[in-house]
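What the coordinates show
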Amino acid sequence: GVMVRRIAPQDVNLYVCGPIKLGVTVAPVEPGFNLVGTLKSLSPLTLDSLNLYTGDPTTGMASGLNLTVSDNLLVVQPSGATASYFFFKDTHGNALWLDALFNPAGNTPIPAGSAFFIKRQPALSPFNWIIPAE
């Protein structure tokens, strides 16, 4: 992923040059903070459509009852604030993306070409995320 912090108030275009990568893009996700993104997406994706949660913490993000025990997805907002999300799963069969205030967040849009952080729990092994593409 690529993240640019711009202090000027107006937007700026960022262009990528070079050969186009065809096929699947795989991003390794290690314990700790990982900068990843939706660089191959042409349109916004929701948290539900990122395929980060697979139900198996060896192949995707680990779920939990709160931000402290689960893997986190951290999105830096244009204001500089950070929005935090996690996949909630309990023993009663409830399973969904939530924000830090426990609001449903599965339909939260992640703009095309966005970069964000995955905070992987330290005790978990790495996994490879297959970045969705169109």
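I will try to describe carefully the structure that is included in this document. Within every chain, residues take consecutive numbers counted from 1 along the sequence as written. With pLDDT at 70 or above as the cut-off, local features in this predicted model cover only qualifying residues; side-chain atom pairs require 80 or more to be listed or tallied, and sums for whole chains, interfaces and linings still use all residues. Hydrogens are left out, water is left out, and the side-chain values use all remaining heavy atoms of the structure.

**Structural notes on the pattern of salt bridges**
Salt bridges are defined as contacts in which a side-chain nitrogen from Lys or Arg sits within 4 Å of a carboxyl oxygen from Asp or Glu. Across all of its chains, the model carries one salt bridge by this definition. A salt bridge links D71 to R120, with the nearest nitrogen and oxygen atoms 2.5 Å apart. With D71 in the loop between strand 3 (45-46) and strand 4 (72-76) and R120 in strand 8 (residues 115-120), this pair connects stretches of sequence that are 49 residues apart. The pair D71 / R120 is uniform in exposure class, with both members buried. Runs of E in the DSSP output that reach at least two residues are strands. Runs of H or I that reach at least four are helices, and both are numbered from the N terminus. Under the scheme applied here, a residue whose accessible area is under 20% of the maximum for its type counts as buried, over 50% as exposed, and between as partly exposed, the area being computed with a 1.4 Å probe on protein chains only.

**Examining the sheet that holds strand 2 (residues 32-37)**
Between any two strands, at least two bridges found by DSSP are needed for them to pair. Sheet architecture is open: five strands sit in the order 2-8-4-5-6, paired in antiparallel fashion. Strands with a single pairing partner mark the edges of an open sheet, and in this sheet they are strand 2 and strand 6 (95-99). Strand-to-strand twist in this sheet, taken as the mean axis angle between neighbours without regard to direction, amounts to 25 degrees. Pairing between strand 4 and strand 5 (residues 82-89): four bridges, direction antiparallel. Paired with V75 across the two strands is A83, which belongs to strand 5. Fitted lines through C-alpha atoms serve as axes, helices being fitted only where they are in contact, and the angles separating the N-to-C directions of these axes extend from 0 to 180 degrees.

**Regarding a nonpolar patch on the surface**
For patch detection, residues must exceed 30% relative accessible area and be free of salt bridges, and they are connected within 9 Å for like charges or within 5 Å for nonpolar side chains (Val, Leu, Ile, Met, Phe, Trp, Tyr). Note on areas: these come from Shrake-Rupley sampling with a 1.4 Å probe, and a residue is covered only by the protein chains present in the view. A contiguous nonpolar patch, built from V24, V26 and I130 and spanning about 270 Å² of accessible area, is present on the exposed surface. Structurally, V24 can be placed in the segment before strand 1 (26-29).

**Observations regarding the environment of S114**
For S114, the position within the fold is in the loop between strand 7 (109-110) and strand 8. Look at S114 and you get buried, because its relative accessible area is 17%. Expressed as a C-alpha distance, the spacing of S114 and L74, which sit 40 residues apart in the sequence, is 12 Å. What makes two residues a contact is simply this: any of their non-hydrogen atoms within 4.5 Å. If sequence neighbours within four positions are ignored, S114 has contacts with V36, G37 and T38.

**Some remarks on the pairing of strand 4**
Burial within strand 4 is extensive, with four of its five residues counted as buried. Pairing of strand 4 with strand 8, which is carried by three bridges, proceeds in the antiparallel orientation. Its bridge partner lying in strand 8, L73 is registered against I118. Counting the residues that bridge the hairpin from strand 4 to strand 5 gives five residues, and of these G80 lies at a positive phi of roughly 100 degrees.

**A closer look at the pairing of strand 1**
Only one face of strand 1 is buried, namely the one carrying A27 and V29, since none of V26 and P28 on the opposite face is buried. One ladder, built from four bridges, connects strand 1 with strand 9 (residues 127-130); its direction is antiparallel. When the sheet's bridge partners are listed, A27 is paired in strand 9 with W129.

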